[in-house]
Structures are given as C-alpha cells and as structure tokens.
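Given next are the chains, with one letter for each unit.
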Amino acid sequence: MEWFTKFPTMDANSLRDLKKTIDEGFRTFTRAYGDGIESVFEPLQHFLIWSERFMTRTPWPIILLLIALVAWFASRNWKIVAGSIATLLVIGYLDMWDDTMKTVSMIFVCTVLSIVIGIPMGILMARSDRVQNVINPVLDVMQTMPSFVYLIPVVMLLGIGKVPGLIAVVIYAIPPMIRLTNLGIRLVDKDVLEAADAFGSSSWQKLKNVQMPLALPTIMAGINQTIMMALAMVVIASMIGVQGLGQPVLKAISNQYFTLGIFNGLAIVGIAIIFDRVSQAFGKRLQKHREIIHG
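To keep things clear, this report deals only with the structure shown in the data block.

Reading the values: rules and limits
- Residues numbered from 1 in each chain as written.
- Predicted model: local features only at pLDDT ≥ 70, side-chain atom pairs only at ≥ 80, totals over all residues.
- Heavy atoms only, no water.
- Helix = DSSP H or I, 4+ residues; strand = E, 2+ residues; numbered from the N terminus.
- Buried < 20%, exposed > 50% of the residue type's maximum accessible area, 1.4 Å probe, protein only.
- Lys, Arg positive; Asp, Glu negative; His and termini not counted.
- Charge placed at Lys NZ, Arg CZ, Asp CG, Glu CD.
- Axes fitted to C-alpha atoms, helices over the stretch in contact; angles between N-to-C directions.
- Parallel < 35°, antiparallel > 145°, perpendicular 65-115°, else oblique.
- Left-handed = near helix turned anticlockwise from the far one by under 90°.
- Contact = heavy atoms within 4.5 Å.
- Nonpolar A, V, L, I, M, F, W, Y, C, P; charged D, E, K, R; others polar.

### Looking at the overall build of the protein
Each helix and strand counted, the protein has 15 helices and zero strands in total. Dimensions of the protein along its principal axes, counting C-alpha atoms only, are 70 × 55 × 45 Å. Out of the 295 residues in the protein, the part that is buried amounts to 39%. The protein carries 25 positive and 20 negative side-chain charges, and their two centres are separated by 5 Å.

Encoded structure:
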C-alpha cells in the first residue's frame, strides 16, 4: 500500500540528470548568446542612465516644480498637488531625496517600456481571440510566478546591474497594462463601431479615433496598476543592483536597522500614493471627457 500513502515520484537520479541537463543547456545558451542579448538592451541602459542623471543632477526646486506641474496637468486638483509637494519635502528633509529620485527614474522608465510593449500587445489581443488565448496563459504565469524567480534567468543572462533589474521589474509589472488595454478595447460599444463602419472608417481609423479614445480610462487604470506593481518590485530588484529606496530597505533587513527600513519603506509608500492619486485623477478626467463627448 506504499503507492497509496506516498506519492509516486521520478527516480532521484533521473530527476537530478533532468535538472542538470536543463541547467547546462541554459548555461550554454547564456555563454553563446549572452553578449548579443546584452547589446540589444544597450539603448535601454542609456535611457535609464539619462533618466537617473536628470532626476538626481537637476536642482531639487526644479524637480519639485516639474512634479507639481505634472500633478496639476493630470488632476487639476490643488489638494493632490499640495499633497505631492508636501510628501516630497518630507522625504527630502529626511535625507532620502537622491534615493527617491533614482526610484522615480526607474519607475518612469519601467512605465514607458510597459506602455510601449503593453499597448500594442493589448490591441493585438483585442483583435484576435486566438492571440488572446495564447497570451493569457503567459500573463497568468508572469503574474503568479514568485518575484525572486524572475531574477535567476535575468541575472544569468545579463549579470548584476540596472538593466537586469529593470527587465525583472517590467516582466512583473506589465501584465495589467496588457490585460486592461485588451479589456478596454473589447468593451467599446458595438453600436459605436457599427456607426464608424457606416461612415466608411478603416480599421486603423476605428482604432485611432474610436476604440483608443473610448478605452483610454481603462488603459489609464492599467498604467496605474503597472506603476503600483513596479514600486512593489523595487525592494526585490535592489538585490541585483537596482539603486534607490530598495537598497536601504534591504540593508535594514540584513542588519536589523528598524528606523532605516521604516523611513525608506514609508518613502516608497509616499511615492506610490503620489503616483496612484495623480494617475487615478487623470483617469477620472478622461472618463468625464468621454461622457461629455459621447453622452
């Protein structure tokens, strides 16, 4: 009755050989194509370095003014603008300004990359049920895979540094962007599409002038979720060299520095609240605009 009480497993030697074969195959692939893959991401590295230098080397009053202008343009709400400025002033006063700017630059690059990749993939999924059925399981894996697991293949391919951390963050954060773009386009009223067809609109014209404007609030919700998930990954990405607020938190965990961890953790929360409130307010403004234009 041993088969009934103990689950049947692969022979230990066979399992070890299988794992060894997979590991050796991946190492061989890394040695053969690692340099080529790394060269592909060089423009991304330059973009990330430029963004970080801009955020850290620009005088803080100018950065504060730029963030206030972006918050006002997106929300048209003085309370959100004042809250954003107050939060950043407290963060700066507690000597976390440089780390915060590095984190903001990382989130900015991750968000731009997620938008550039996620929106076309979402559009492709919305246009084809077959593509959606193929991509959905991949997104399920990306959203449920433990965060630490992303770091293993990325580090083996690209080593330690900013770009591997950026790629890991994007892989973790991009699924909501793709899913909500797909959902927003699919939820566009069919009567509106039929009216566009009646006026002789091409597929590109329908997408550009009808589907994307009507799906924009849902897409903004996807951007909001992508930003939140990217911020959640900051501490984990600090393990492979991503600078910012995550590294002091990791240091606090390693050395049991309570105050250091709490302060930097609260700074991450503050940045998350700013991004969340501003992006939500912008999404609501787009929703109101849609209701006024389209009834």
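Once the structure has been displayed, the description carries forward.
### Brief notes about the packing of helix 3 (residues 42-57) against helix 6 (residues 97-127)
Put simply, helix 3 and helix 6 touch, their axes get as near as 8 Å, and they point 140 degrees apart. The orientation of helix 3 with respect to helix 6, classified from their angle, is oblique. For the crossing formed where helix 3 meets helix 6, the hand is right-handed. Contacts between helix 3 and helix 6 pair L44, F47, L48, S51, E52, M55 and T56 from the former with D98, M101, K102, V104, S105, M106, F108, V109, V112 and L113 from the latter. In terms of residue class, the contact of helix 3 with helix 6 is built from eleven nonpolar, three polar and three charged.

### Some details on the packing of helix 6 against helix 9 (residues 162-173)
Orientation of helix 6 relative to helix 9, taken along the N-to-C sense of each, is 55 degrees, at an axis distance of 10 Å. As summarised for this structure, helix 6 and helix 9 are arranged oblique, according to the angle between their axes. The interaxial crossing formed by helix 6 with helix 9 has right-handed handedness. Contacts between helix 6 and helix 9 pair M106, V109, C110, L113 and S114 from the former with K162, L166, V169 and V170 from the latter. Within the contact of helix 6 with helix 9, the residues separate by chemical class into seven nonpolar, one polar and one charged.

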